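# Inside the fold
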Amino acid sequence: MFMFSKDGITVAAILDDRREKKGGVYPVKIRVTYNRIRKYYPTGKALTHETWIKLPETKTRRLIDIRESIENSFSIIKDVVDEIASNGHFSFGELNLRLGRGNTGNLNTAFQAKIERLNDEGRIGNRNMYVTVSKGVERFAGNNISFDSVTPDWLGRYDKFLLAEGKRRATISMHFRTIRAIINEAKRSGIIKESSYPFGKGKFEIQEGDGGKIPLTIQQIGQIVKYEPESEITARYRDYWLFLYFCNGINVADFIRLKYRNIVNGEVCFIRQKTQHTVKKQKEIRAVIIPQMQEIIDRWGNPPRPDNYIFPVLDHRDKSDEKIFIKKNNFNREINKRMKAVGEALGIPGISTYTARHSYATVLKRSGANIAYISETLGHNELKTTEAYLAAFEKEERLKNAAFLVQFD
(Lines give C-alpha, C1' and ligand atoms only; values in the text may rest on other atoms or scores of the structure.)
Protein backbone atom coordinates (compact mmCIF):
# COMPACT_ATOMS: atom_id res chain seq x y z
CA MET A 1 0.00 0.00 0.00
CA PHE A 2 2.82 2.41 0.88
CA MET A 3 6.17 1.85 -0.85
CA PHE A 4 9.50 3.69 -1.09
CA SER A 5 12.77 2.69 -2.75
CA LYS A 6 16.19 4.35 -2.87
CA ASP A 7 19.74 3.09 -3.50
CA GLY A 8 18.80 -0.55 -3.08
CA ILE A 9 16.78 0.07 0.08
CA THR A 10 13.03 -0.52 0.06
CA VAL A 11 10.47 0.48 2.66
CA ALA A 12 6.97 -0.98 2.51
CA ALA A 13 3.89 -1.22 4.70
CA ILE A 14 2.90 -4.88 4.72
CA LEU A 15 0.45 -7.24 6.38
CA ASP A 16 2.71 -9.72 8.15
CA ASP A 17 0.69 -12.90 7.64
CA ARG A 18 3.38 -15.33 8.80
CA ARG A 19 1.49 -15.98 12.03
CA GLU A 20 -2.18 -15.38 12.75
CA LYS A 21 -3.11 -13.52 15.93
CA LYS A 22 -6.18 -13.97 18.07
CA GLY A 23 -9.34 -12.97 16.20
CA GLY A 24 -7.99 -13.89 12.77
CA VAL A 25 -5.94 -10.70 12.37
CA TYR A 26 -2.32 -10.14 11.38
CA PRO A 27 0.05 -7.35 12.46
CA VAL A 28 0.70 -4.46 10.06
CA LYS A 29 4.43 -3.72 9.92
CA ILE A 30 6.86 -1.49 8.09
CA ARG A 31 9.38 -3.71 6.33
CA VAL A 32 12.81 -2.35 5.44
CA THR A 33 14.90 -4.43 3.02
CA TYR A 34 18.60 -3.88 2.35
CA ASN A 35 21.17 -6.34 0.95
CA ARG A 36 18.53 -9.11 1.14
CA ILE A 37 18.13 -8.52 4.87
CA ARG A 38 14.66 -7.65 6.13
CA LYS A 39 13.77 -5.84 9.32
CA TYR A 40 10.23 -5.35 10.55
CA TYR A 41 8.98 -2.38 12.56
CA PRO A 42 5.58 -2.55 14.31
CA THR A 43 2.80 -0.04 13.66
CA GLY A 44 0.59 -1.18 16.50
CA LYS A 45 -2.19 -2.12 14.05
CA ALA A 46 -3.57 -5.56 13.18
CA LEU A 47 -6.07 -6.36 10.41
CA THR A 48 -7.69 -9.25 8.60
CA HIS A 49 -6.73 -10.01 5.00
CA GLU A 50 -10.09 -8.69 3.82
CA THR A 51 -9.74 -5.37 5.64
CA TRP A 52 -6.16 -4.93 4.41
CA ILE A 53 -7.31 -5.32 0.79
CA LYS A 54 -10.09 -2.75 1.30
CA LEU A 55 -7.91 -0.24 3.15
CA PRO A 56 -6.53 1.80 0.18
CA GLU A 57 -10.01 2.68 -1.16
CA THR A 58 -12.04 2.67 2.04
CA LYS A 59 -14.40 5.52 2.86
CA THR A 60 -15.14 4.25 6.38
CA ARG A 61 -13.99 6.73 8.98
CA ARG A 62 -12.56 4.10 11.32
CA LEU A 63 -10.51 2.48 8.55
CA ILE A 64 -9.38 5.87 7.23
CA ASP A 65 -7.98 6.61 10.70
CA ILE A 66 -6.16 3.26 10.68
CA ARG A 67 -4.76 3.94 7.21
CA GLU A 68 -3.53 7.37 8.27
CA SER A 69 -1.88 5.89 11.35
CA ILE A 70 -0.09 3.29 9.22
CA GLU A 71 0.95 5.99 6.75
CA ASN A 72 2.35 8.05 9.61
CA SER A 73 4.46 5.09 10.84
CA PHE A 74 5.59 4.46 7.26
CA SER A 75 6.51 8.12 6.72
CA ILE A 76 8.62 8.30 9.88
CA ILE A 77 10.73 5.33 8.80
CA LYS A 78 10.77 6.32 5.13
CA ASP A 79 12.06 9.82 5.92
CA VAL A 80 14.84 8.47 8.14
CA VAL A 81 15.86 5.90 5.51
CA ASP A 82 15.88 8.63 2.84
CA GLU A 83 18.10 10.86 4.97
CA ILE A 84 20.60 8.09 5.78
CA ALA A 85 20.72 6.89 2.16
CA SER A 86 21.36 10.44 0.97
CA ASN A 87 24.48 10.51 3.16
CA GLY A 88 25.67 7.31 1.47
CA HIS A 89 26.19 5.07 4.52
CA PHE A 90 22.95 3.21 5.25
CA SER A 91 22.93 0.52 7.93
CA PHE A 92 20.23 -0.93 10.13
CA GLY A 93 22.23 0.15 13.17
CA GLU A 94 22.10 3.75 11.97
CA LEU A 95 18.39 3.42 11.19
CA ASN A 96 17.66 2.11 14.69
CA LEU A 97 19.80 4.84 16.20
CA ARG A 98 17.87 7.57 14.36
CA LEU A 99 14.53 6.01 15.24
CA GLY A 100 15.68 5.72 18.83
CA ARG A 101 16.16 9.45 19.05
CA GLY A 102 12.55 10.08 18.12
CA ASN A 103 9.33 9.38 19.97
CA THR A 104 9.38 5.78 18.73
CA GLY A 105 12.53 4.86 20.68
CA ASN A 106 12.39 4.31 24.43
CA LEU A 107 12.43 1.39 26.85
CA ASN A 108 8.65 0.97 26.67
CA THR A 109 8.45 0.79 22.88
CA ALA A 110 11.48 -1.53 22.82
CA PHE A 111 9.58 -3.86 25.15
CA GLN A 112 6.48 -3.71 22.96
CA ALA A 113 8.49 -4.48 19.82
CA LYS A 114 10.14 -7.44 21.56
CA ILE A 115 6.79 -8.73 22.83
CA GLU A 116 5.30 -8.56 19.34
CA ARG A 117 8.31 -10.33 17.83
CA LEU A 118 8.15 -13.13 20.41
CA ASN A 119 4.43 -13.49 19.78
CA ASP A 120 5.01 -13.73 16.02
CA GLU A 121 7.62 -16.43 16.63
CA GLY A 122 5.22 -18.40 18.84
CA ARG A 123 7.46 -18.06 21.92
CA ILE A 124 4.55 -17.60 24.29
CA GLY A 125 6.38 -18.25 27.55
CA ASN A 126 9.08 -15.69 26.76
CA ARG A 127 6.45 -13.26 25.55
CA ASN A 128 4.57 -13.51 28.84
CA MET A 129 7.76 -12.91 30.79
CA TYR A 130 8.48 -9.71 28.81
CA VAL A 131 4.88 -8.58 29.34
CA THR A 132 5.24 -9.08 33.11
CA VAL A 133 8.50 -7.12 33.27
CA SER A 134 7.22 -4.32 31.00
CA LYS A 135 4.25 -3.86 33.35
CA GLY A 136 6.66 -3.75 36.28
CA VAL A 137 8.80 -0.98 34.80
CA GLU A 138 5.67 0.97 33.86
CA ARG A 139 4.38 0.73 37.44
CA PHE A 140 7.72 2.07 38.59
CA ALA A 141 8.50 4.77 36.03
CA GLY A 142 5.57 5.28 33.65
CA ASN A 143 5.14 4.65 29.92
CA ASN A 144 7.78 6.98 28.47
CA ILE A 145 11.10 5.77 29.89
CA SER A 146 14.04 7.02 27.84
CA PHE A 147 17.06 4.75 27.45
CA ASP A 148 19.22 7.53 28.93
CA SER A 149 17.26 7.37 32.19
CA VAL A 150 18.10 3.66 32.72
CA THR A 151 21.21 4.22 34.84
CA PRO A 152 22.73 2.12 37.64
CA ASP A 153 20.93 4.41 40.11
CA TRP A 154 17.59 3.90 38.29
CA LEU A 155 18.09 0.13 38.38
CA GLY A 156 18.94 0.29 42.09
CA ARG A 157 15.75 2.18 42.82
CA TYR A 158 13.75 -0.31 40.74
CA ASP A 159 15.31 -3.12 42.80
CA LYS A 160 14.03 -1.49 46.01
CA PHE A 161 10.63 -0.92 44.39
CA LEU A 162 10.25 -4.62 43.57
CA LEU A 163 11.37 -5.63 47.06
CA ALA A 164 8.74 -3.28 48.50
CA GLU A 165 6.13 -5.03 46.33
CA GLY A 166 7.08 -8.29 48.05
CA LYS A 167 8.89 -9.88 45.10
CA ARG A 168 11.36 -12.70 45.82
CA ARG A 169 14.99 -12.25 44.87
CA ALA A 170 14.70 -14.91 42.13
CA THR A 171 11.79 -12.97 40.57
CA ILE A 172 13.67 -9.68 40.81
CA SER A 173 16.66 -11.30 39.13
CA MET A 174 14.39 -12.34 36.26
CA HIS A 175 13.19 -8.72 35.89
CA PHE A 176 16.74 -7.40 35.59
CA ARG A 177 17.90 -10.12 33.19
CA THR A 178 14.97 -9.23 30.95
CA ILE A 179 15.72 -5.49 31.09
CA ARG A 180 19.38 -6.26 30.37
CA ALA A 181 18.36 -8.23 27.26
CA ILE A 182 16.43 -5.18 25.98
CA ILE A 183 19.37 -2.87 26.75
CA ASN A 184 21.77 -5.28 25.02
CA GLU A 185 19.66 -5.16 21.85
CA ALA A 186 19.62 -1.36 22.00
CA LYS A 187 23.42 -1.31 22.39
CA ARG A 188 23.92 -3.66 19.43
CA SER A 189 21.67 -1.41 17.33
CA GLY A 190 23.65 1.68 18.29
CA ILE A 191 20.76 3.28 20.20
CA ILE A 192 22.86 3.53 23.35
CA LYS A 193 26.63 3.87 23.69
CA GLU A 194 28.94 1.58 25.62
CA SER A 195 29.66 4.41 28.06
CA SER A 196 25.94 4.57 28.93
CA TYR A 197 25.58 0.80 29.47
CA PRO A 198 24.26 0.44 33.06
CA PHE A 199 25.09 -3.21 33.84
CA GLY A 200 28.33 -4.85 34.93
CA LYS A 201 31.16 -4.56 37.40
CA GLY A 202 31.28 -1.15 39.03
CA LYS A 203 27.79 -0.38 37.72
CA PHE A 204 24.61 -2.34 38.48
CA GLU A 205 25.21 -6.03 39.16
CA ILE A 206 22.26 -8.43 39.13
CA GLN A 207 21.85 -10.38 42.36
CA GLU A 208 20.89 -13.95 41.55
CA GLY A 209 18.27 -15.67 43.70
CA ASP A 210 18.89 -19.24 44.78
CA GLY A 211 15.39 -20.25 43.60
CA GLY A 212 15.25 -23.09 46.14
CA LYS A 213 17.46 -25.32 43.97
CA ILE A 214 17.68 -28.47 46.09
CA PRO A 215 18.65 -31.55 44.08
CA LEU A 216 17.71 -35.05 45.20
CA THR A 217 20.19 -37.78 46.01
CA ILE A 218 20.25 -41.05 44.08
CA GLN A 219 18.85 -42.73 47.23
CA GLN A 220 15.86 -40.36 47.28
CA ILE A 221 15.20 -40.98 43.61
CA GLY A 222 15.33 -44.70 44.37
CA GLN A 223 12.62 -44.15 46.98
CA ILE A 224 10.46 -42.44 44.34
CA VAL A 225 11.00 -45.35 41.93
CA LYS A 226 9.95 -47.93 44.54
CA TYR A 227 7.01 -45.90 45.88
CA GLU A 228 3.60 -47.43 45.12
CA PRO A 229 0.99 -44.63 44.80
CA GLU A 230 -2.57 -45.32 45.91
CA SER A 231 -4.09 -44.03 42.67
CA GLU A 232 -3.33 -44.78 39.05
CA ILE A 233 -3.27 -41.08 38.15
CA THR A 234 -0.54 -40.38 40.73
CA ALA A 235 1.39 -43.39 39.43
CA ARG A 236 1.15 -41.98 35.91
CA TYR A 237 2.51 -38.55 36.88
CA ARG A 238 5.20 -40.11 39.09
CA ASP A 239 6.35 -42.05 36.02
CA TYR A 240 6.27 -38.91 33.87
CA TRP A 241 8.49 -37.21 36.46
CA LEU A 242 10.91 -40.14 36.37
CA PHE A 243 11.01 -39.95 32.57
CA LEU A 244 12.02 -36.29 32.84
CA TYR A 245 14.86 -37.32 35.13
CA PHE A 246 16.00 -40.31 33.05
CA CYS A 247 15.79 -38.38 29.76
CA ASN A 248 18.70 -36.00 30.49
CA GLY A 249 16.51 -33.86 32.76
CA ILE A 250 14.35 -32.91 29.77
CA ASN A 251 12.17 -29.80 30.13
CA VAL A 252 8.39 -30.21 30.11
CA ALA A 253 8.11 -28.08 26.93
CA ASP A 254 10.32 -30.61 25.11
CA PHE A 255 8.80 -33.68 26.80
CA ILE A 256 5.24 -32.97 25.63
CA ARG A 257 6.44 -32.48 22.02
CA LEU A 258 8.33 -35.78 21.76
CA LYS A 259 7.09 -37.99 18.93
CA TYR A 260 8.02 -41.55 18.10
CA ARG A 261 10.08 -40.26 15.19
CA ASN A 262 12.32 -38.67 17.85
CA ILE A 263 13.44 -42.18 18.78
CA VAL A 264 16.46 -43.12 16.65
CA ASN A 265 18.60 -46.22 17.25
CA GLY A 266 17.45 -46.60 20.82
CA GLU A 267 17.90 -42.93 21.74
CA VAL A 268 15.51 -40.00 22.20
CA CYS A 269 16.79 -37.18 19.96
CA PHE A 270 15.43 -33.64 20.24
CA ILE A 271 16.22 -29.92 19.97
CA ARG A 272 15.43 -27.78 23.00
CA GLN A 273 12.48 -25.41 22.51
CA LYS A 274 14.20 -22.89 24.77
CA THR A 275 17.19 -22.40 22.44
CA GLN A 276 15.44 -22.97 19.10
CA HIS A 277 15.31 -19.22 18.36
CA THR A 278 18.33 -18.02 20.32
CA VAL A 279 21.32 -19.86 18.87
CA LYS A 280 22.50 -20.15 15.27
CA LYS A 281 23.74 -23.74 15.52
CA GLN A 282 21.18 -26.05 17.06
CA LYS A 283 22.40 -28.78 19.38
CA GLU A 284 20.66 -32.12 19.11
CA ILE A 285 20.33 -33.73 22.52
CA ARG A 286 20.46 -37.53 22.71
CA ALA A 287 19.28 -39.61 25.65
CA VAL A 288 19.70 -43.38 25.65
CA ILE A 289 16.42 -45.16 26.31
CA ILE A 290 17.16 -47.25 29.40
CA PRO A 291 14.76 -50.09 30.35
CA GLN A 292 12.98 -47.90 32.93
CA MET A 293 12.18 -45.31 30.25
CA GLN A 294 10.89 -47.96 27.87
CA GLU A 295 8.63 -49.36 30.59
CA ILE A 296 7.11 -45.89 31.09
CA ILE A 297 6.56 -45.52 27.33
CA ASP A 298 4.94 -48.97 27.14
CA ARG A 299 2.74 -48.26 30.17
CA TRP A 300 1.49 -44.75 29.39
CA GLY A 301 2.45 -43.95 25.80
CA ASN A 302 0.37 -43.59 22.64
CA PRO A 303 0.46 -46.30 19.94
CA PRO A 304 4.00 -46.34 18.46
CA ARG A 305 3.55 -44.62 15.10
CA PRO A 306 6.15 -42.10 13.80
CA ASP A 307 3.85 -39.06 13.80
CA ASN A 308 2.22 -39.87 17.14
CA TYR A 309 3.25 -37.97 20.24
CA ILE A 310 4.91 -40.44 22.61
CA PHE A 311 2.80 -39.31 25.55
CA PRO A 312 -0.87 -38.21 25.44
CA VAL A 313 -0.49 -34.58 26.48
CA LEU A 314 -0.77 -32.90 23.07
CA ASP A 315 -2.64 -34.16 20.04
CA HIS A 316 -2.62 -33.26 16.35
CA ARG A 317 -5.42 -30.74 16.81
CA ASP A 318 -3.15 -28.57 18.95
CA LYS A 319 -1.93 -26.11 16.33
CA SER A 320 -1.89 -22.73 18.09
CA ASP A 321 1.06 -21.71 20.23
CA GLU A 322 -1.34 -20.37 22.86
CA LYS A 323 -3.12 -23.71 23.23
CA ILE A 324 0.14 -25.64 23.46
CA PHE A 325 1.43 -23.19 26.07
CA ILE A 326 -1.72 -23.61 28.18
CA LYS A 327 -1.53 -27.41 27.96
CA LYS A 328 2.15 -27.32 28.93
CA ASN A 329 1.43 -25.19 32.00
CA ASN A 330 -1.50 -27.39 33.05
CA PHE A 331 0.62 -30.52 32.65
CA ASN A 332 3.51 -29.00 34.61
CA ARG A 333 1.12 -27.94 37.37
CA GLU A 334 -0.38 -31.44 37.59
CA ILE A 335 3.03 -33.16 37.83
CA ASN A 336 4.10 -30.76 40.58
CA LYS A 337 0.86 -31.32 42.47
CA ARG A 338 1.17 -35.11 42.28
CA MET A 339 4.88 -35.12 43.12
CA LYS A 340 4.29 -32.89 46.12
CA ALA A 341 1.97 -35.60 47.46
CA VAL A 342 4.58 -38.28 46.72
CA GLY A 343 7.20 -36.18 48.47
CA GLU A 344 5.01 -35.74 51.54
CA ALA A 345 4.50 -39.51 51.75
CA LEU A 346 8.25 -40.13 51.51
CA GLY A 347 9.41 -37.17 53.57
CA ILE A 348 11.13 -35.53 50.60
CA PRO A 349 10.17 -31.83 50.32
CA GLY A 350 10.18 -29.64 47.23
CA ILE A 351 9.90 -32.18 44.39
CA SER A 352 9.02 -30.50 41.08
CA THR A 353 9.70 -30.80 37.38
CA TYR A 354 12.67 -28.48 37.88
CA THR A 355 14.00 -30.84 40.58
CA ALA A 356 14.11 -33.66 38.02
CA ARG A 357 16.43 -31.63 35.76
CA HIS A 358 18.58 -30.32 38.58
CA SER A 359 18.86 -33.78 40.16
CA TYR A 360 19.89 -35.35 36.84
CA ALA A 361 22.85 -32.96 36.62
CA THR A 362 23.83 -33.35 40.27
CA VAL A 363 23.60 -37.16 40.35
CA LEU A 364 25.90 -37.33 37.32
CA LYS A 365 28.35 -34.93 38.97
CA ARG A 366 28.36 -36.99 42.17
CA SER A 367 29.08 -40.09 40.09
CA GLY A 368 32.19 -38.45 38.65
CA ALA A 369 30.87 -37.44 35.22
CA ASN A 370 32.73 -34.68 33.39
CA ILE A 371 31.03 -31.29 33.61
CA ALA A 372 31.41 -30.81 29.83
CA TYR A 373 29.43 -34.03 29.28
CA ILE A 374 26.74 -32.92 31.72
CA SER A 375 26.54 -29.54 29.96
CA GLU A 376 26.17 -31.22 26.56
CA THR A 377 23.41 -33.58 27.69
CA LEU A 378 21.48 -30.71 29.29
CA GLY A 379 21.73 -28.72 26.06
CA HIS A 380 23.52 -25.77 27.67
CA ASN A 381 25.47 -23.45 25.39
CA GLU A 382 27.92 -22.38 28.09
CA LEU A 383 29.61 -24.27 30.92
CA LYS A 384 28.81 -21.45 33.36
CA THR A 385 25.10 -22.28 33.02
CA THR A 386 25.82 -25.87 34.04
CA GLU A 387 28.06 -24.68 36.86
CA ALA A 388 25.13 -22.65 38.22
CA TYR A 389 23.06 -25.85 38.29
CA LEU A 390 25.78 -27.60 40.25
CA ALA A 391 26.48 -24.79 42.74
CA ALA A 392 24.52 -26.50 45.53
CA PHE A 393 26.51 -29.70 45.03
CA GLU A 394 29.81 -27.83 45.10
CA LYS A 395 28.91 -26.17 48.42
CA GLU A 396 27.86 -29.55 49.83
CA GLU A 397 31.27 -30.94 48.87
CA ARG A 398 33.06 -28.01 50.51
CA LEU A 399 31.12 -28.50 53.74
CA LYS A 400 31.89 -32.23 53.76
CA ASN A 401 35.58 -31.65 53.11
CA ALA A 402 35.76 -28.89 55.74
CA ALA A 403 34.42 -31.37 58.32
CA PHE A 404 37.52 -33.52 57.79
CA LEU A 405 39.65 -30.69 59.21
CA VAL A 406 38.30 -31.23 62.73
CA GLN A 407 38.16 -35.02 62.81
CA PHE A 408 41.03 -35.26 65.28
CA ASP A 409 40.11 -38.68 66.68
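The present account deals with the structure reproduced in this document. (Residues numbered from 1 in each chain as written. Predicted model: local features only at pLDDT ≥ 70, side-chain atom pairs only at ≥ 80, totals over all residues. Heavy atoms only, no water.)

## Some thoughts on unusual backbone geometry
Phi at D7 takes a positive value of approximately 50°, unusual for a residue other than glycine. Turning to its location among the elements, D7 is positioned in the loop between β1 (3–6) and β2 (9–15). The phi torsion at N265 lies on the positive side, around 50°, for a residue other than glycine. Position of N265 relative to the elements: it lies in the loop between β5 (263–264) and β6 (267–271). Given the relative accessible area of 78%, N265 is considered exposed. (Helix = DSSP H or I, 4+ residues; strand = E, 2+ residues; numbered from the N terminus. Buried < 20%, exposed > 50% of the residue type's maximum accessible area, 1.4 Å probe, protein only.)

## A word on the pairing of strand β3 (residues 26–34)
Burial analysis of β3 places 7 of its 9 residues in the buried class, which makes it a mostly covered element. Sheet topology note: the β2/β3 ladder contains 7 bridges and is antiparallel. Looking at β3, one finds that A12 is bridged to R31. As paired strands, β3 and strand β4 (residues 37–47) are joined by 9 bridges and run antiparallel to one another. When the bridges of β4 are listed, Y26 appears paired with L47. If you look at the hairpin formed by β3 and β4, you'll find 2 residues sitting between the two strands, and N35 has a positive phi there, around 50°. (Pairing = 2+ DSSP bridges.)

## Section: the packing of aromatic side chains
Tallying each qualifying case throughout the model produces 22 aromatic pairs. Relative to F204, the ring of F199 lies with its centre 6.1 Å away and its plane at 80°, an arrangement referred to as edge-to-face. Both residues of the pair, F199 and F204, belong to the buried class. Here W241 and Y245 contribute two aromatic rings whose centre-to-centre distance is 6.3 Å and whose plane-to-plane angle is 5°, an arrangement assigned as stacked. Separated by 4 residues within a single helix, W241 and Y245 lie in helix α9 (residues 232–246), roughly one turn from each other. Note on accessibility: W241 and Y245 belong to one class, buried. Taken together, F140, W154, Y158, F161, F176, Y197, F199 and F204 form an aromatic cluster joined through their ring pairs. For the cation-ring pair, K78 lies above F4, with the distance from its terminal atom to the ring centre recorded as 5.9 Å. (Phe/Tyr/Trp six-rings, centres within 6.5 Å; stacked < 30°, edge-to-face > 60°. Lys NZ or Arg CZ within 6 Å of the ring centre and 35° of its normal.)

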